[in-house]
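Residues per chain, in single letters:
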Amino acid sequence: MHSSTPQPGYAGHIGSVATDPAHRRHGHGRACVTAARDRLAGQGCTVIDLYASADGRPLYDTMGFVVRPDVAMIWRAPSASREW
């Protein structure tokens with residue numbers, strides 16, 4: 001997380017949450033996202049976005065995140081893999 005303190009009303013972003021497959025389904029991802037969400041909210045963020053994988057989406061649904069199809073955009077170089 002960025003070291004500066006945002007002003008009230010700022011948006012936060014939680015990037016790349018990943019759990020080793022051997023340690024999934026033990027609450028580690030939830031604990032990390034909860035800690036990040038609480039810290040951002042405590043610093044005045046009133047909106048927090050993240051980009052969920054298909055595997056992660058059910059977790060974020062239970063945490064109150066909602067799908068906003070108008071949020072994400074991506075630029076892809078012509079040489080980039082279409083899988084990314």
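Structural data are supplied above this passage.
Residues numbered from 1 in each chain as written. Predicted model: local features only at pLDDT ≥ 70, side-chain atom pairs only at ≥ 80, totals over all residues. Heavy atoms only, no water.

Draft legend 1. The arrangement of helix 1 (residues 28–42) in detail. Taking 1.5 Å per residue as the helical rise, helix 1 with its 15 residues ought to reach 21 Å, and the 21 Å between its terminal C-alpha atoms agrees with that figure. Along helix 1, the positions that sit buried rather than exposed are Gly 29, Val 33, Ala 36 and Leu 40. For helix 1, the angular spread of the buried residues around the axis is 65°, confining them to a single face. On the buried face of helix 1, the contacting elements are strand 1 (11–14), strand 2 (47–50) and helix 2 (57–62). (Helix = DSSP H or I, 4+ residues; strand = E, 2+ residues; numbered from the N terminus. Expected span 1.5 Å × (residues − 1). Buried < 20%, exposed > 50% of the residue type's maximum accessible area, 1.4 Å probe, protein only. Arc of directions from axis to C-beta. Contact = heavy atoms within 4.5 Å.)

Draft legend 2. Seen up close, unusual backbone geometry. One non-glycine residue, Arg 25, adopts positive backbone phi at about 70°. Mapped onto the elements of the fold, Arg 25 is located in the loop between strand 1 and helix 1.

Draft legend 3. Broad picture of the nonpolar core. Ranked by size, the top nonpolar core spans 10 residues in total: Ile 14, Val 33, Ala 36, Leu 40, Cys 45, Ile 48, Leu 50, Tyr 60, Met 63 and Phe 65. Counting only elements with at least two residues in this core, the list comes to helix 1 and strand 2. Among the elements that take part in this core, helix 1 stands out by supplying three residues, more than any other. For Leu 50, the contacting residues outside a window of four places in its chain are His 13, Ile 14, Tyr 60 and Phe 65. (Core = buried A, V, L, I, M, F, W, Y, C linked by side-chain atoms within 4.5 Å.)

Draft legend 4. Just the pattern of salt bridges, in detail. Applying the stated criterion across every chain yields a total of two salt bridges. Of the charged contacts, one joins Asp 61 and Arg 57 as a salt bridge, the two residues approaching to 3.7 Å between their closest N and O atoms. Of this pair, Asp 61 and Arg 57 are both found in helix 2, four residues apart, which corresponds to roughly one turn of the helix. (Salt bridge = Lys/Arg side-chain N within 4 Å of Asp/Glu carboxyl O.)

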